[in-house]
Amino acid sequence: MNVDQLSINTLRVLSADAVEKANSGHPGLPLGAAPMAYTLWAKSMNHNPKNPEWINRDRFVLSAGHGSSLLYSLLHTFGYGLTIEDLKNFRQLDSKTPGHPEYGHTVGVETTTGPLGQGISTAVGMAMAEAHLASKFNKDGYNIVDHYTYVIAGDGDMMEGVGYEATSLAGTLGLGKLIVLYDSNSITIEGGTDLAFRENVMKRFEAQGWETFEVKDGNDIEDIYEKIELAKKNSSKPALIKINTLIGYGSPKNQGKASAHGAPLGPEDLKGMKEYFKWTEEDFVVPSEVKEHMAKIIEEGQNCNKEWDKKFEEYKSKYPELGKEFESWINLDIPMDYFESEEFWGFEKDLSTREASGVLINRIESKVPNFIGGSADLAPSNKTYMNNREDFSAENYEGSNIRFGVREHGMGAVLNGLYLHGGLRPYGGTFFVFSDYMKPSMRLASLMNLPVAYVLTHDSIGVGEDGPTHQPIEQLAMFRSIPNFVTFRPADARETAAGWYTALTRKNGPTGLVLTRQTLPMLEGTGKDALKGGYILKKEKNNLDMILIGTGSELQLVYEASKLLEEKGIGVRVVSMPSWELFEEQPEAYKEEVLPRKITKRLAVEAGSSFGWHKYVGIEGKIIAMEGFGASAPANLLFEKFGFTVDNVVAEALKL
């Protein structure tokens, strides 16, 4: 048996052993896809296991994340630092080898995968980032950004809509350094794919502008390698390589069957599989020949990295300003002095918060050259366009304005990929109600601690005539429920600046800016205090009797109502609460100062679901909120119909 085949069988056996020991997992994909994974990692992919953060490494995404045991076996045998003990602890508490790959948890994992379609879609963002950086920094003889993004995807990835959205965009953009290895084993959990999936995937990808190839036998590593190298020659089209495999290959009882997908093989079948592969080693053993072989591959990767380091030093000598800027991009540097300045925070007139955000986006782009983003076909409404930047397109990868098309979910995953690649600060926009379409990608951004920014406009029944289909109600509650996600609903332009400041300075999670369609007055006292998430906007004149809390467009109602209540001799405090999450990060003493426990008469006003507000108003408090969907009418009539008026705020406060 030659060393290539022995290495492939090592990956298979390690993966099956890990699943068997955990009594949980998915052995089918690793057994079938090990040849393509090995061929890619050993023969085609530029990577340095001793420097996993090397910026010019090829990226690898296991989109079919349920096959994680294969990825962990690769990371172990190729020297990324995963140990045999880590493989033995597959799917166990606090192990480095969780059930699905997790970015930031396991070295060498480029993105969190498992929800099918997300990996291939995130990879599109990585390929876009490579193209953008290459176009900005590469010079003749100095291609310092020059690498590929590889994906192993399965039948499930091809069925999910998010994948279709992103791959359609990839074809439009001509991302020639994106190569997808399609593990076509024709099996899903319920049985054969023909139960629900009979389309010609290659024709679909060709229609999207991809180049396609097919490998008839998934064990033919020479053919796999040849097709990968052919795909690399076409710089103007992404490539799909359909590789026909047998799920659970080598398993006497489960090969080619749905039973191989998501359950251990069992001791008897595992033994039969090892006999089929002529495996004579003990469990969890890498043969010495494979170790020696891998050591050579690792050395090649290190040498490749050293050659790049040398070239980059020459680049910095020849292009010192560009070299300095490249390092600044990779470090995600931002000019904090500007974001603290009056110029950033200052506004001269009343604006809708979406308009204020548009102003701020253009202020940011003037100071942050690696700021990149766009909208899901709503830039004129979302105000997400950077006026002094060009469009990112197949003809111009240096552009920074991304036209995502009507692809909210794909946009969300692409934004994750743009950030994960390194060197860029991405943002994306849509109507707040359509955040429903991209929520899974936003959740993954939170899980991966990615500081992606979302511009979510038309934030309430203030949308008006478009009606209840376009009027978000429950979305605020949904995003406030996501761990590590900061939801920021500003009340005017200055609070919007606080929202963007938060998005730019957060290092460990995403921020959603929830913005109005309608113009809002600039309120006295708003500004940098909004960075605390909640603050006293207007202090009581008399003894404190009651606290009114508002966000977004409803804060002005609370503000005006407080004046009328003060005239009645009631001591009223107005609290602006643009971000619950930021408020909860404040010291207990500060929170007590803003919302004293002894003041139980509290009224919150927000044109969304009341869900969650009870935490702040307490059992004796009240909430003016939406208890159903909206309606189609001018915004002012809707606010009156649903009780969002100064008079109603006063009336409800008096009842308290």
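Remember, predicted model here, so these are calculated numbers, not experimental data. (Residues numbered from 1 in each chain as written. Predicted model: local features only at pLDDT ≥ 70, side-chain atom pairs only at ≥ 80, totals over all residues. Heavy atoms only, no water.)

## Regarding the overall build of the protein
What the protein contains, in helices and strands, is 26 helices and 21 strands. In summary, the protein has a C-alpha radius of gyration of 27 Å against a globular reference of 26 Å for 656 residues, a match within 12%. Along the three orthogonal principal directions, the C-alpha set of the protein runs to about 90 × 60 × 45 Å. Across the 656 residues of the protein, 62% fall into the buried class. Here the protein displays about 25,200 Å² of accessible surface, and carbon together with sulfur accounts for 48% of that area. Where the 68 positive side-chain charges of the protein centre and where its 89 negative ones centre are 2 Å apart. (Helix = DSSP H or I, 4+ residues; strand = E, 2+ residues; numbered from the N terminus. Rg over C-alpha atoms; globule rule 2.2 N^0.38 Å. Buried < 20%, exposed > 50% of the residue type's maximum accessible area, 1.4 Å probe, protein only. Areas by Shrake-Rupley, 256 points an atom, 1.4 Å probe, with all protein chains shown as cover. Lys, Arg positive; Asp, Glu negative; His and termini not counted. Charge placed at Lys NZ, Arg CZ, Asp CG, Glu CD.)

## A closer look at the UniProt feature "active site" (unreviewed entry) in the protein
If you check UniProt for "active site" (unreviewed entry), the listed places come out as E408 in our numbering. Structurally, E408 can be placed in helix 17 (residues 408-421). For E408, the contacting residues outside a window of four places in its chain are E165, A376, T430, F434, Y437 and M438. (UniProt positions renumbered as here; feature names shortened; annotations may be inferred. Contact = heavy atoms within 4.5 Å.)

## Re the packing of aromatic side chains
Within a pair of aromatic rings, the relevant descriptors are the distance that separates the centres and the angle that separates the planes. Under the defined criterion, the tally for this structure stands at 38 aromatic pairs. Centre to centre, the rings of F312 and Y315 are 6.0 Å apart; their planes meet at 20°, and the pair counts as stacked. Separated by three residues within a single helix, F312 and Y315 lie in helix 11 (residues 288-318), roughly one turn from each other. With relative accessibility at 7%, the residue F312 sits in the buried group. Of the residues examined, Y315 reaches a relative accessible area of 0% and is grouped as buried. Here a set of aromatic residues connected by ring pairs shows up, and it is made of W54, F137, Y142, W308, F312, Y315, Y319, F326 and W329. When the ring centre of Y164 is taken as reference, the NZ or CZ atom of R204 above it lies at 4.5 Å. (Phe/Tyr/Trp six-rings, centres within 6.5 Å; stacked < 30°, edge-to-face > 60°. Lys NZ or Arg CZ within 6 Å of the ring centre and 35° of its normal.)

## Here we look at the packing of helix 5 (residues 118-137) against helix 7 (residues 161-173)
One way to put it is that helix 5 packs onto helix 7 with a least axis distance of 8 Å and a crossing angle of 25°. In this view, helix 5 runs roughly parallel relative to helix 7, as classed from their interaxial angle. For helix 5 against helix 7, the interelement crossing comes out left-handed. The segment helix 5 lies against helix 7, with Q118, I120, S121, V124 and M128 engaging V162, G163, A166, T167, L169, A170 and L173. (Axes fitted to C-alpha atoms, helices over the stretch in contact; angles between N-to-C directions. Parallel < 35°, antiparallel > 145°, perpendicular 65-115°, else oblique. Left-handed = near helix turned anticlockwise from the far one by under 90°.)

## Some remarks on the sheet that holds strand 9 (residues 371-375)
Across the sheet, which stays open at both edges, the seven strands sit in the order 10-11-9-12-13-15-14 with parallel pairing between neighbours. A single partner strand is all that each edge strand has here, and the edge strands are strand 10 (391-392) and strand 14 (486-488). Seen against the sheet, helix 17 touches strand 9, strand 11 (401-403), strand 12 (425-431) and strand 13 (453-457) and runs at an angle of roughly 170° to strand 12. (Pairing = 2+ DSSP bridges.)

## What about the nonpolar core?
Formed by 76 residues in total, the largest nonpolar core has its most connected members in F344, W500 and L548. When residues of this core are assigned to their parent elements, the largest contribution, seven residues, is made by helix 20 (residues 493-505). Apart from the residues within four sequence positions on either side, L548 is in contact with V558, A561, S562, L565, V572, R573, V574, V575, L603, V649 and A653. In this structure, Y182, A445, F485 and V514 belong to the second largest nonpolar core, which totals 69 residues. (Core = buried A, V, L, I, M, F, W, Y, C linked by side-chain atoms within 4.5 Å.)

## Comments concerning the pairing of strand 9
Of all five residues in strand 9, five are buried; the element is thus mostly enclosed. Across the two faces of strand 9 the burial is the same, with F371, G373 and S375 and I372 and G374 all buried. As paired elements, strand 9 and strand 12 share five bridges and run parallel to each other. In the strand pairing of strand 12, S375 is matched with G429.

## A short note on the UniProt feature "domain: Transketolase-like pyrimidine-binding" (unreviewed entry) in the protein
This chain's UniProt record puts "domain: Transketolase-like pyrimidine-binding" (unreviewed entry) on residues 351-522. Along residues 351-522 one finds 38% helix and 19% strand; the C-alpha atoms at either end are 8 Å apart.

## Some words on a negative patch on the surface
A surface patch of negative charge is lined by D217, D220, E222 and E226. Take E226: it is sitting in helix 9 (residues 221-233). Judged by relative accessible area, which is 44%, E226 ranks as partly exposed. (Patch = residues over 30% accessible without salt bridge, like charges linked within 9 Å, V, L, I, M, F, W, Y side chains within 5 Å. Salt bridge = Lys/Arg side-chain N within 4 Å of Asp/Glu carboxyl O.)

## As for helix 1 (residues 3-22)
The periodicity of an α-helix, 3.6 residues per turn, causes residues three or four places apart in sequence to face the same way. Under the 1.5 Å per step criterion, the end-to-end length of helix 1 is 28 Å for 20 residues, consistent within 8% with the ideal 28 Å. Where burial is concerned, most of helix 1 is hidden: 17 out of the 20 residues are buried. The opening residue of helix 1, the one whose side-chain oxygen lies 3.1 Å from the backbone nitrogen of D4, is N2. Just past helix 1, the residue N23 takes up positive phi, approximately 55°. (Expected span 1.5 Å × (residues − 1). Polar contact = N/O pair within 3.5 Å; in protein donor to acceptor, adjacent residues only side chain to side chain.)

## Quick word on the sheet that holds strand 19 (residues 572-576)
Here five strands make up an open sheet; going across it, the order is 17-19-18-20-21 and the pairing mixed. The open sheet has two edge strands with one neighbour each: strand 17 (535-538) and strand 21 (622-626). Looking at each pair of strands side by side, their axes are set apart by 25° on average, direction ignored. Here strand 18 (residues 546-550) pairs with strand 20 (residues 602-609) via four bridges, running parallel. Residue pairing in the sheet places G550 in a bridge with V605 of strand 20. Of the strands in this sheet, strand 17, strand 18, strand 19 and strand 20 are in contact with helix 21 (residues 555-567), which crosses strand 19 at around 170°. Each of strand 18, strand 20 and strand 21 touches helix 26 (residues 646-655); the most contacted strand, strand 21, lies at about 145° to it.

## Concerning the environment of P264
Relative to the elements of secondary structure, P264 occurs in the loop between strand 7 (239-244) and helix 10 (267-276). Of the residues examined, P264 reaches a relative accessible area of 23% and is grouped as partly exposed. Taking the C-alpha atoms as reference points, P264 and A22, 242 residues apart in sequence, are found 8.5 Å from one another. Discounting residues that sit within four places of it in the chain, P264 has contacts with V19, E20, N23, S24, G25 and P27.

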